[in-house]
Amino acid sequence: MNEYTLELSFSGLCLFTFHGDRKKPDEVNVLFLASEGCHEGHQNQSASDLHTPRLTFSPQDLEEASVPYDLFPDLDGRQLAILRLPDLPMEIVAPSRSELLACWRDEDRYNDLPKSPPTDSDETWLDWIPSLRLVNPETPIPTEEVPWLGLRPVVIPRLRLTKGDLSAAFFLRDRNNDYVFWEFKASESDEAIDYQAMAGIIRLEIHGIPVEESVEIVADDGKFEVSLRPRRYPDGTVADRVRASFTNLVSVDPRFPPNVLEHFIHFYDLVEFGGRRPKLRVPYARSAPITSGTTYCPVSTHGGTSTGRCKE
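Residues numbered from 1 in each chain as written. Predicted model: local features only at pLDDT ≥ 70, side-chain atom pairs only at ≥ 80, totals over all residues. Heavy atoms only, no water.

A.B. asks: I'd like a rundown of the overall build of the chain, residues and numbers included.
C.D. replies: Per the secondary structure count, the chain includes two helices and 19 strands. A sequence separation of at least 24 residues applies to 77% of the contacts in the chain between residues at least 6 apart. As displayed, the chain offers around 14,800 Å² of accessible surface, 45% of which is attributable to carbon and sulfur atoms. (Helix = DSSP H or I, 4+ residues; strand = E, 2+ residues; numbered from the N terminus. Contact = heavy atoms within 4.5 Å. Areas by Shrake-Rupley, 256 points an atom, 1.4 Å probe, with all protein chains shown as cover.)

Right, here's the structure in full:
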């Protein structure tokens, strides 16, 4: 085995902006909504609104880090390393020839988005990640300005993606093992404008990296750098995959029940509505999810989506 794959997962207040072609974008930027500047002027701002962007990885895959990190055990007792991301632009430097590809649905086959994945293999569609304009259609149409696409530019961590395969993953199910449907409405008593099953994370896989080469996550100032490389086992073999995760979750327990994803309000802290700010909608679960809301904090997208709506 001469090559390995870097697998990254993203969850929490991570907003993906897609520039260029829908399925072969020129670049994708991940905006980590976390800083005070991002929440400035928000009427519901409090300590429980603050999110902390972090990178988590196995210390066995770490080649070098220019910043300190903490260690903690996972549920299996293995150590994980965790560090906070800087309020700077970052990028992934990976010696791979892979293109940047985004897994959206086949619009020739599905002009409108079904309410849930037709088959298990269709769970990878990025359409299951609710876009800003799907949840709140009042959101202005994305522009061509990179990386913000018309959103309000602020000083927050952001990560530029130019290689790899992007897909969706992680659906909540109810006690009958059916998909949990999420309604988009401003309050529990309001009428929903739409509903659908919803994926919780976006996954990036960069294939074809030579085992003798490391992958670097670096900031523009050159002071933040993390190098990852697959671990080597005692028998001399090398792991075929390096896994890490980017999260942007609340620093304290959320105030809201798990069937209401109130964190979605903060995706609109970057949106200039061009008039009076509307009463924002968030996802409400139709049935009780098995998984606690503290472990389910889906990301969102801006740009790259089609005009097709969900269908009955």
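Back to the write-up after that little detour.
A.B. asks: Can you lay out the pattern of salt bridges for me, pointing to particular residues and giving the numbers?
C.D. replies: Tallied over the full model, the rule gives 22 salt bridges. Between Glu-205 and Arg-241 there is a salt bridge, with its nearest N and O atoms 2.7 Å apart. With Glu-205 in strand β14 (residues 199–210) and Arg-241 in strand β17 (residues 241–250), this pair connects stretches of sequence that are 36 residues apart. The partly exposed category is assigned to Arg-241, whose relative accessible area is 22%. With a closest N to O distance of 4.0 Å, Arg-277 and Asp-269 form a salt bridge. Under the relative-accessibility criterion, Arg-277 is labelled partly exposed at 38%. Accessibility expressed as a relative area gives 7% for Asp-269, which makes it buried. Sharing partners across several salt bridges, the network here consists of Glu-7, Arg-203, Glu-205, Arg-241 and Arg-243. (Salt bridge = Lys/Arg side-chain N within 4 Å of Asp/Glu carboxyl O. Buried < 20%, exposed > 50% of the residue type's maximum accessible area, 1.4 Å probe, protein only.)

A.B. asks: Mind laying out the nonpolar core, listing which residues take part and the relevant values?
C.D. replies: Counting 52 residues, the largest nonpolar core has Phe-16, Ile-92, Leu-159 and Leu-166 as its most contacted members. In terms of residue count, the dominant contributor to this core is β14 (five residues). Discounting chain neighbours no more than four positions away, the residues touching Leu-159 are Phe-10, Val-28, Asn-29, Val-30, Phe-32, Met-90, Glu-91, Ile-92, Ile-217 and Phe-246. Counting residues in hydrophobic clusters, the runner-up holds 30 residues, among them Leu-31, Trp-148, Val-180 and Met-198. (Core = buried A, V, L, I, M, F, W, Y, C linked by side-chain atoms within 4.5 Å.)

A.B. asks: Give a detailed account of the pairing of β14, specifying residues and quantitative values.
C.D. replies: Bridge count for strand β1 (residues 3–12) against β14 is seven bridges, and the pairing is antiparallel. Residue pairing in the sheet places Phe-10 in a bridge with Ile-202 of β14. Taken together, the six bridges between strand β11 (residues 164–171) and β14 define a ladder with antiparallel strand orientation. Bridged to Ser-167 within β14 is Arg-203. (Pairing = 2+ DSSP bridges.)

A.B. asks: Outline empty space enclosed by the protein, listing residues and values.
C.D. replies: Scanning the entire structure with this criterion turns up one cavity of 30 Å³ or more. Every residue along the wall of the largest cavity is listed here: Ile-92, Arg-160, Leu-161, Thr-162, Lys-163, Leu-204 and Ile-206. Secondary structure elements with two or more residues in the lining of the largest cavity: β10 (158–161) and β14. Looking at the lining of the largest cavity, its residues break down into four nonpolar, one polar and two charged. (1 Å grid on protein atoms, 1.4 Å probe; cavity = no way out; pocket = protein on both sides within 12 Å on 5 of 7 lines; lining within 4 Å. Points joined across faces, edges and corners; volume = space filled by probe spheres on them. Nonpolar A, V, L, I, M, F, W, Y, C, P; charged D, E, K, R; others polar.)

A.B. asks: Lay out the layout of surface pockets with the relevant residues and their values.
C.D. replies: The volume enclosed by the largest pocket comes to roughly 810 Å³. If you trace the largest pocket, you find 28 residues lining it, with Thr-56, Asp-74, Arg-78, Leu-80 and Arg-243 closest to the centre. Counting only elements with at least two residues in the lining of the largest pocket, the list comes to β1, β4 (51–57), β6 (70–73), β7 (79–84), β14 and β17. If you tally residues by element for the lining of the largest pocket, the top one is β17, at five residues. Tallied by class, the residues present in the lining of the largest pocket amount to 12 nonpolar, six polar and 10 charged.

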